[in-house]
Amino acid sequence: MELTVKELSLRLKAELIPASAGNSGCGLIRSVGPIGAADQTTLTFLADDKHLADLKSSRAGACIVAKAVTGVAMSQLVVKNVNAALIESLEIFAPKLQPPAPGVHKTAVVAPKVKFGTNVSIGPFVFLEDGVEIGDNTAIAAGCKIGQNSRIGENCRIDCNVVIYHNCTIGNSVVIQANSTIGSTGFGYAFIDGAHRLIPHNGVVVIEDFVEIGANCCVDRAKFGETRIGAGTKTDNFVQIAHNVVIGKCCIIVAQVGIAGSAKIGDSVVLAGQVGVSDNIEIGDGAIVGARGCVLKSVGPGMQVLGYPAIEFKEALRVWACTQRLPKLIEQFRKLSAKVDKLEASKDNSKPDVD
Amino acid sequence: MELTVKELSLRLKAELIPASAGNSGCGLIRSVGPIGAADQTTLTFLADDKHLADLKSSRAGACIVAKAVTGVAMSQLVVKNVNAALIESLEIFAPKLQPPAPGVHKTAVVAPKVKFGTNVSIGPFVFLEDGVEIGDNTAIAAGCKIGQNSRIGENCRIDCNVVIYHNCTIGNSVVIQANSTIGSTGFGYAFIDGAHRLIPHNGVVVIEDFVEIGANCCVDRAKFGETRIGAGTKTDNFVQIAHNVVIGKCCIIVAQVGIAGSAKIGDSVVLAGQVGVSDNIEIGDGAIVGARGCVLKSVGPGMQVLGYPAIEFKEALRVWACTQRLPKLIEQFRKLSAKVDKLEASKDNSKPDVD
Amino acid sequence: MELTVKELSLRLKAELIPASAGNSGCGLIRSVGPIGAADQTTLTFLADDKHLADLKSSRAGACIVAKAVTGVAMSQLVVKNVNAALIESLEIFAPKLQPPAPGVHKTAVVAPKVKFGTNVSIGPFVFLEDGVEIGDNTAIAAGCKIGQNSRIGENCRIDCNVVIYHNCTIGNSVVIQANSTIGSTGFGYAFIDGAHRLIPHNGVVVIEDFVEIGANCCVDRAKFGETRIGAGTKTDNFVQIAHNVVIGKCCIIVAQVGIAGSAKIGDSVVLAGQVGVSDNIEIGDGAIVGARGCVLKSVGPGMQVLGYPAIEFKEALRVWACTQRLPKLIEQFRKLSAKVDKLEASKDNSKPDVD
């Protein structure tokens, strides 16, 4: 794919500010790239004014900007929303790939009572058990296994080797990346007569519309009722979601996060990388847990927490700073103690001796 | 499945206390659920007296209790062990699923020298290499790969897409959930002539009877000898067990725990979520490591530890509390210093000036 | 496999010091093992003088040593490099396994435009999409899926159920263990009109020669440009490498490490188990991050850091020690405060009363 800067400006509905007076936007663009790595055929973008200095030295052929900037050598494409234009540009210059082959691959094993919508793609070595339903325009990639009675909605993309156990419900426009597991039995045991006995997990997993699950994730089924991930929530790779967890809408859950059983996560919550959330606690709408935070008690709506254990964000930073000063503080404390001892001694000395 | 409360009481060998004098236990129960989510056709349970208040407002049709309670509207099923009765109830009301199809699926690839017990189930796209042995009543689900000479015992359930490398031994009544890897090469390198050279891993993995392994777990094979997981131990998802680790019996290992090479874990140890255990250390029988604990030195039998680095549990809580008071302490320290300086100054002032 | 100690000494080019004067090195060796577990047919090794006492009580038939030791009962094989001789010995006594079957297994699904080198092995249920290239002597194990245009070099070993997405480049002599995912879409969203919209990931993954990736790992593809792992770098299991991360050569990345987007890791860096690295930061050549370290800002070349947040290693140990003394320090502070109050009071008392 190649487009002139002028053509691109029309596609993006952008105002074109040519690189120079004589330039009519006829330079060719072949890819999208960051400011640093760019050359003349690259379209770059200014998402944040702090990169403005870099842009001025960039060799890119054109740049998406929110408002015209001065002192840059390339053409500018002025748009309302830089991120939206960036996404559109990346889609324009996406590598060309064959779409998933339509229909059911001849090597797939499909039980008798499976229902397909229109225009589905079922890849090689897929195994669909009885009662499975696959919605319109959904692609199940090679090697996926879907258990009895699980239903996948429309416009979904289930990547290679994903395993979905029985009785799970996946909404529309859901993406699940490779090697993830949905609906595994949760970790619930009762200690009876000297052994751990598994508590049967009669419940299910419900994944709502527009959820995207990363690669190598696990979502356990509920003991009873359901484990639920709300519409529009996205998870990175290696995310562990235990039995009976309920996650709200539009959350962002970064890699290696673990959410323990029956925790309740509100809407628009952000859990940064490697966060842990204890069982049975609540995290309110719009709360943010910083990187590696270990949440041991409930977090109110809109709160920002950090640390192990997680406490209010600014307080956590203050505690970290103070902790790092501890060795010095202890030294100062020793000196102060000595000073006080001396004061005490001098006071004692000023008294008449009592034998 | 539906049963009357009366029928259920007989199945659970429970004493039935009807909801009211005129009630003969003829209400129908169709599912098991938590106290909060219950309706008239739901059986619930009182595992802990702290939920008694909730039970009193619950709309469930019946409740499993350890002893009769007053002030509740539903029928009570009095049993010796609430958890055991709960498990039995969940089994009674489990969703009906077809059992794994008997025999070897026609798409499976089975090398010539594979031995099967009676009543095995080998799913689609399973690959069994030479020398593999599968015990009676064991089900290997779709997409599993089992390497040369590995032996799986009786009554096991190996879920979809599990990979078991060569020469591993899996006992009886073992469950391994989807996408787990058993017997991968451990992480052992020697730096020789400017490069990291892999130390060959001639050892094996031994998983004893009644072990249950979660989804997306890894158990590495030993350099020499074996990596071993003791009978009755259960692991949650995403658990990493490195080469030559030896885990005792009946341990509980929660999600995202990592156990480094050659660590030795005793019997009945509990490692809570996201715990890390250093290489070559020992954790004694019955020890507990709290959530996220990072164990850098050996832990004695029965000890409870927590924190990073992990220290004795109550001490860790005390240290956390003190750490969070640090900003205030530093402020107090400043004031105290000023006070002492003033005292010193006033003392100096009371002396004659020395020039 | 069995060899006499004499034969082994020739294979290892070692100087043989017989167990006793009359011993001609005719004892048989059948395996390699640690000092503790050894019997007469076992070859053991002394990698570190701190195990010398154990060696003296060991029952092994022979021992690899860097220089002759006294007071041991077994034959000694004196070599220049104990680790190199250990590796060679482990290769000699490795369990005998059939090599991967040559050619393309009849159940594999291979798109028309796939190119194979000589002597490749493509296992059962492998799916290779159009444009895939597999180099000479490379083995792709059962259940792997390789996306469009991805190229795998020579002498690689891709283990069962690995998923490699489109347009990725894997060098020569690369090992990727089971259930790992290479080239998944990274976690990059822009919040537009009330929803998180995925930023398309047009970039790729490049894995250089001699890289080894553990089981159940994830390497995300880049937004633009590439995610790159440098030659000779090794990762343990469950390692998360986010989009646009660049890792240098010969790094050691232990289990459960997470490296966030666009982080830049130098050459010969060691990231110990469960380490986290923030996005967009740099870790210099030769730096070491200790177990569980959480790196929130860039780390210079050769630095060693530890803790949450990670700080200089020795300082981190000092801070840990001080933190654990905090409860006592606070107690001492209280006493000192009381002492100062008393001093103040006594000073006040020595003044005339002012009413």
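Here the residue numbers are simple positions, counted from 1 along each chain's written sequence. Following the order in which they are written, the chains are lettered starting with A and the ligands numbered starting with 1. Confidence filtering applies because this is a predicted model: local features only for residues at pLDDT of at least 70, side-chain atom pairs given and counted only at 80 or more, and all residues used for totals across whole chains, interfaces and linings. Hydrogens and water are ignored here; the side-chain numbers use all heavy atoms of the structure.

## Overview of the overall build of chain A
Note the threshold: In this description a helix means any DSSP run of H or I spanning at least four residues, a strand means any run of E spanning at least two, and both kinds are numbered starting from the N terminus. The buried label goes to any residue with under 20% of its type's maximum accessible area, the exposed label to any with over 50%, and the partly exposed label to all in between, with areas taken from a 1.4 Å probe on protein chains only. Every residue pair with non-hydrogen atoms within 4.5 Å of one another is taken to be in contact. Using a 1.4 Å probe, the Shrake-Rupley method yields the accessible areas, and only the shown protein chains count as cover for residues. Working convention for charge: Lys and Arg count positive, Asp and Glu count negative, and His plus the chain ends are omitted. Charge coordinates come from a single atom per side chain, which is NZ of Lys, CZ of Arg, CG of Asp or CD of Glu.
When helices and strands are counted, chain A shows 5 helices and 40 strands. Across its three principal directions, the C-alpha atoms of chain A cover 105 × 80 × 30 Å. Among the 355 residues that make up chain A, the fraction classed as buried is 57%. Of all intrachain contacts in chain A linking residues separated by at least 6 positions in sequence, the fraction that spans at least 24 positions is 18%. Of the roughly 14,600 Å² of accessible surface on chain A, 53% is carried by carbon and sulfur atoms. The distance from the centre of the 35 positive side-chain charges to the centre of the 34 negative ones in chain A is 3 Å.

## Looking at the interface of chain C and chain A
Quick reminder of the rule: By buried area we mean the combined loss of accessible area, with a 1.4 Å probe, across both parts when two parts are placed together. Any carboxyl oxygen of Asp or Glu within 4 Å of a side-chain nitrogen of Lys or Arg constitutes a salt bridge here. Under the convention adopted here, Pro, Cys and the residues Ala, Val, Leu, Ile, Met, Phe, Trp and Tyr are nonpolar, Asp, Glu, Lys and Arg are charged, and Gly plus all remaining residues are polar.
The interface of chain C with chain A comprises 69 residues on the first partner and 67 residues on the second. Interface of chain C and chain A: buried area, both sides summed, is about 5,400 Å²; carbon and sulfur atoms make up 65% of it. Taken as a group, F187, F224 and Y308 of chain C account for 14% of the area that chain C buries against chain A, more than any other trio of residues on that side. Applying the counting criterion to the chain C and chain A interface returns 3 salt bridges. Close ionic contact of E344 of chain A with K339 of chain C constitutes a salt bridge, the shortest N to O distance being 3.9 Å. For the side of chain C that touches chain A, the secondary-structure elements that each account for two or more residues are β21 (181–184), β22 (189–192), β23 (195–198), β26 (218–220), α4 (313–324) and α5 (326–350) of chain C. Here the residues of the side of chain C that touches chain A sort into 34 nonpolar, 25 polar and 10 charged.

## What to know about the confidence of the model for chain A
Going by this rule: As a per-residue measure, pLDDT tells how confident the predictor is, with possible values from 0 to 100.
With 98% of its residues at a pLDDT of at least 70, chain A reaches an overall mean of 95. In the model output, the complex is listed with pTM 0.96 alongside ipTM 0.95.

## Points about the interface of chain C and chain B
Going by this rule: Nitrogen and oxygen atoms within 3.5 Å of one another constitute a polar contact, given that in protein one can donate a hydrogen and the other can accept it, and given that sequence-neighbouring residues count only through two side-chain atoms.
Taken together, the contacts link 67 residues of chain C with 69 residues of chain B. Carbon and sulfur atoms make up 65% of the surface buried where chain C meets chain B, a total of about 5,400 Å² over both sides. Sorting the residues of chain C by area buried against chain B places F125, R292 and F333 of chain C first, and these three jointly supply 12% of that buried surface. Here chain C is connected to chain B by 3 salt bridges. The partner of K339 of chain B in a salt bridge is D341 of chain C, with the nearest N and O atoms 3.0 Å apart. Linking chain C with chain B are 30 residue pairs in polar contact (both at pLDDT 80 or more).

## Remarks on the relation of the copies chain C and chain A
Short version of the rule: Here the copies were fitted onto each other by least squares, based on C-alpha atoms from residues at pLDDT of at least 70 in both.
Relative to chain A, chain C is turned by 120° and slid 0.0 Å along the rotation axis, the superposed coordinates differing by an RMSD of 0.1 Å. Such a combination of rotation and displacement between the chain copies is what one expects of a three-fold axis.

## Some details on helix α4 (residues 313–324) of chain A
Test applied: Expected span, for any helix, means 1.5 Å times one less than how many residues it has.
For α4 of chain A, built from 12 residues, the straight-helix expectation of 16 Å at 1.5 Å per residue is met to within 8% by its first-to-last C-alpha distance of 17 Å. A distance of 3.2 Å separates the backbone nitrogen of K314 of chain A from a side-chain oxygen at the start of α4 of chain A, and that oxygen is part of E312 of chain A.

## Remarks on the sheet that holds strand β6 (residues 62–65) of chain A
In any sheet, the strands associate via hydrogen bonds between backbone groups, in a parallel or an antiparallel arrangement. Residue and element names in this part refer to chain A. Keep this limit in mind: Pairing between strands is defined by DSSP: at least two bridges between the two strands are required. Axis geometry follows a simple rule: fit a line to the C-alpha atoms, using only the stretch in contact for helices, then measure angles between N-to-C directions, giving values from 0 to 180 degrees.
The sheet built from 5 strands is open, its strands ordered β2-β7-β6-β5-β4 with mixed pairing. Each edge of the open sheet carries a strand with a single partner, namely β2 (15–17) and β4 (31–32). Here helix α3 (residues 82–92) sits on the sheet and contacts β4, β5 (42–45) and β6; the angle it forms with β6, its principal contact strand, is near 140°.

## Digging into the packing of aromatic side chains
Any two aromatic rings considered together are summarised by their centre-to-centre distance and by the angle between their planes. Test applied: Geometry of aromatic contacts follows a simple scheme: Phe, Tyr and Trp rings, the Trp one being its six-membered ring, pair when their centres are within 6.5 Å, and the pair is stacked under 30 degrees between planes, edge-to-face over 60, tilted otherwise. Lysine NZ or arginine CZ positioned within 6 Å of the ring centre and within 35 degrees of the ring normal marks a charge as sitting over the ring.
Scanning the model with the defined rule gives 18 aromatic pairs over all chains in all. Ring centres 6.3 Å apart and planes at 40° place the aromatic pair F333 of chain A and F333 of chain C in the tilted group. On the criterion of chain membership, the pair formed by F333 of chain A in helix α5 (residues 326–350) and F333 of chain C in helix α5 is interchain, its members lying in two chains. Residue F333 of chain C is classed as buried on the basis of its relative accessible area, which comes to 7%. Ring geometry for F187 of chain B and Y189 of chain B: centres 5.2 Å apart, planes at 75°, overall edge-to-face. Taken as a pair, F187 of chain B and Y189 of chain B share a single burial class, namely buried. Linked through ring pairs, F125 of chain A, F125 of chain B together with F125 of chain C together constitute an aromatic cluster. The ring of Y308 of chain C carries R292 of chain A above its face, with NZ or CZ at 5.8 Å from the centroid.

## Topic: a nonpolar patch on the surface
For clarity, the cut-off: Exposure above 30% relative accessible area and the absence of a salt bridge qualify a residue for a patch, where like charges join within 9 Å and nonpolar side chains (Val, Leu, Ile, Met, Phe, Trp, Tyr) within 5 Å.
There is a patch of nonpolar side chains on the surface, built from V104, V110 and F116 of chain A and spanning about 200 Å² of accessible area. Assessed through its relative accessible area of 40%, V104 of chain A is described here as partly exposed.

## Side note on the pattern of salt bridges
For the coordinates displayed, the defined rule picks out 33 salt bridges over all chains. Ionic pairing is found between R318 of chain B and E315 of chain B, a salt bridge with its closest N-O pair at 2.4 Å. Of this pair, R318 of chain B and E315 of chain B both sit in helix α4 (residues 313–324), 3 residues apart, roughly one helical turn. Look at the salt bridges and you will find they share partners, linking E208, E226, R228 and K249 of chain A into a network.

## Observations concerning the pairing of strand β21 (residues 181–184) of chain B
Residues and elements named next belong to chain B. Here 2 bridges tie strand β18 (residues 163–164) to β21, and the two strands are oriented parallel to one another. Pairing of V163 across the sheet is with T181, part of β21. Relative to strand β26 (residues 218–220), β21 is paired through 3 bridges, and the arrangement is parallel. Along β26, the bridge assignment pairs I182 with V219.

## Some points on unusual backbone geometry
All names here are of chain A. Note the cis peptide between Y308 and P309, where omega equals 0°. With respect to the helices and strands, the residue P309 is situated in the loop between β39 (304–306) and β40 (311–312). One non-glycine residue, N216, lies in positive phi territory at about 50°. Its location among the elements puts N216 in the loop between β25 (212–213) and β26 (218–220). Classification of N216 by relative accessible area gives buried; the value is 1%. One non-glycine residue, Q256, lies in the positive phi region at around 65°.

## A closer look at the sheet that holds strand β18 (residues 163–164) of chain A
Residues and elements named next belong to chain A. Strands sit in the order β9-β12-β15-β18-β21-β26-β29-β32-β35-β38 across an open sheet of 10 strands; the sheet is parallel. The outermost strands of the open sheet, each flanked by one partner alone, are β9 (109–110) and β38 (294–295). Relative to strand β32 (residues 258–259), strand β29 (residues 240–241) runs parallel, the two being bridged by 2 bridges. Each residue of the ladder has a partner; that of Q240, found in β32, is G258.

## Topic: the side chain of E208 of chain B
Residues and elements named next belong to chain B. Mapped onto the secondary structure, E208 falls in the loop between β24 (204–207) and β25 (212–213). Taking the relative accessible area as the measure of exposure, E208 reaches 16% and is therefore buried. At a separation of 2.6 Å, a polar atom in the side chain of E208 contacts the side chain of R228. Excluding residues within four positions of it along the chain, E208 makes contact with G171, V174, R228, I229, G230, A231 and K249.

## Notes on the pairing of strand β7 (residues 75–78) of chain C
All names here are of chain C. Alternating positions in β7 separate into two faces, S75 and L77 on one and Q76 and V78 on the other, with burial throughout. Here strand β2 (residues 15–17) pairs with β7 via 3 bridges, running antiparallel. Across the sheet, the residue bridging to E15 is V78, located in β7. Summarising the sheet, strand β6 (residues 62–65) and β7 pair through 4 bridges and their orientation is parallel. Across the sheet, the residue bridging to V65 is V78, located in β7.

## Here we look at α3 of chain A
Of the residues making up α3 of chain A, those classed as buried are V82, A85, L86, I87, S89, L90 and I92 of chain A. With a side-chain oxygen lying 3.0 Å from the backbone nitrogen of N83 of chain A, the N-terminal cap of α3 of chain A falls on N81 of chain A.

## Quick look at the side chain of S184 of chain C
Along the chain, S184 of chain C turns up in strand β21. Within the structure, S184 of chain C has its side chain in polar contact with the side chain of D220 of chain C (distance 2.6 Å). When neighbours within four sequence positions are excluded, S184 of chain C is seen to be in contact with Q177, A215 and N237 of chain A together with Y165, V219, D220 and R221 of chain C.

## As for the state of the cysteines
Using the following cut-off: Criterion for a disulfide: a pair of cysteine sulfur atoms within 2.5 Å.
According to the stated counting rule, one finds 0 disulfides over all chains in the structure shown. Here C294 of chain A stays free of any disulfide, with the sulfur of C294 of chain B as its closest cysteine sulfur at 12 Å. With no disulfide of its own, C144 of chain B lies 6.6 Å from the sulfur of C160 of chain B, the closest cysteine sulfur.

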